[in-house]
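# Descriptive analysis of the structure
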Amino acid sequence: MPENGEGSVTALSLTSSTVDEITVIKVDGVLDATTREQFADYLSMTGGDLILDLAGVTFMDSRALGLIVHHWQTSLASGARFALIGVEYSKSKVMWITGLAQRLPLYDTLDDALAAIG
């Protein structure tokens, strides 16, 4: 943690890997208006099959959810595979409030997602 107001705390960390030819993006931190552009830019660099690991998300707002839904819809339209893993109600309440938690492809673990969409 920075001391005396120097430096900054990274609000969002995004890393990617490939598992069974599917891009897996691990999201750690806050998904809100302050990190929306960073998240959107990172998502725009991915193409094809995608799993978003949201286990490290500490908060998500409706703008971030909108980006996720847009990417999901784009994936569906192109025939690509898409899944979300590690989504926690307490940190992503907006998914349940909007009713999207019942529509989005949510899985507990990477293995569950790979078994379902693989």
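Residues numbered from 1 in each chain as written. Predicted model: local features only at pLDDT ≥ 70, side-chain atom pairs only at ≥ 80, totals over all residues. Heavy atoms only, no water.

Helix and strand counts for the protein stand at four helices and five strands. In sequence order, the secondary structure elements of the protein are arranged as β-β-α-β-α-β-α-β-α. Relative to its length of 118 residues, the protein is compact, with a C-alpha radius of gyration of 14 Å against a globular reference of 13 Å. Projected onto the principal axes, the alpha-carbon positions of the protein cover approximately 50 × 30 × 25 Å. (Helix = DSSP H or I, 4+ residues; strand = E, 2+ residues; numbered from the N terminus. Rg over C-alpha atoms; globule rule 2.2 N^0.38 Å.)

On to helix 1 (residues 36-44), then. Listed in full, the buried residues belonging to helix 1 are Phe-39, Tyr-42 and Leu-43. Summarising the axial view, the buried residues of helix 1 lie within an arc of 100 degrees, below the 170-degree limit, and thus occupy one face. Exposed side of helix 1, more than 90 degrees from the buried face: Glu-37 and Ser-44 are the residues found there. On its buried side, helix 1 packs onto strand 1 (12-19), strand 2 (22-31), strand 3 (50-60) and helix 2 (62-78). (Buried < 20%, exposed > 50% of the residue type's maximum accessible area, 1.4 Å probe, protein only. Arc of directions from axis to C-beta. Contact = heavy atoms within 4.5 Å.)

Now for the pairing of strand 3. Counting buried residues along strand 3, eight of its 11 residues qualify, which places the element largely inside the surrounding structure. Where strand 2 and strand 3 come together, eight bridges link them in parallel fashion. Its bridge partner being in strand 3, Lys-26 is matched across the sheet by Asp-53. Each parallel crossover has a hand, and the one from strand 2 via helix 1 to strand 3 is right-handed. Note that strand 3 and strand 4 (residues 82-85) share four bridges and pair parallel. From the neighbouring strand, Leu-50 faces strand 4, where its bridge partner is Phe-82. Between the parallel elements strand 3 and strand 4, the chain passes through helix 2 in a crossover that is right-handed. (Pairing = 2+ DSSP bridges. Right-handed = clockwise from strand over helix to strand, strands pointing away.)

Ranked by internal contacts, the top residues of the largest apolar core, which has 27 residues, are Phe-39, Leu-52, Leu-54 and Met-60. Elements that contribute at least two residues to this core include exactly strand 1, strand 2, helix 1, strand 3, helix 2, strand 4 and helix 3 (93-97). Sorting elements by how many residues they give to this core places helix 2 first, with six residues. Dropping the residues within four chain positions of it, Phe-39 is found in contact with Leu-12, Leu-14, Val-27, Leu-31, Leu-52, Ala-64, Leu-67 and Ile-68. (Core = buried A, V, L, I, M, F, W, Y, C linked by side-chain atoms within 4.5 Å.)

Two elements in contact, helix 1 and helix 2, have axes whose closest approach is 10 Å; the angle formed by their N-to-C orientations is 10 degrees. Judged by the inter-axis angle, helix 1 sits roughly parallel to helix 2. Across from Arg-36, Phe-39, Ala-40 and Leu-43 in helix 1, the residues of helix 2 making contact are Arg-63, Ala-64, Leu-67, Ile-68 and His-71. In terms of residue class, the contact of helix 1 with helix 2 is made up of six nonpolar, one polar and two charged. (Axes fitted to C-alpha atoms, helices over the stretch in contact; angles between N-to-C directions. Parallel < 35°, antiparallel > 145°, perpendicular 65-115°, else oblique. Nonpolar A, V, L, I, M, F, W, Y, C, P; charged D, E, K, R; others polar.)

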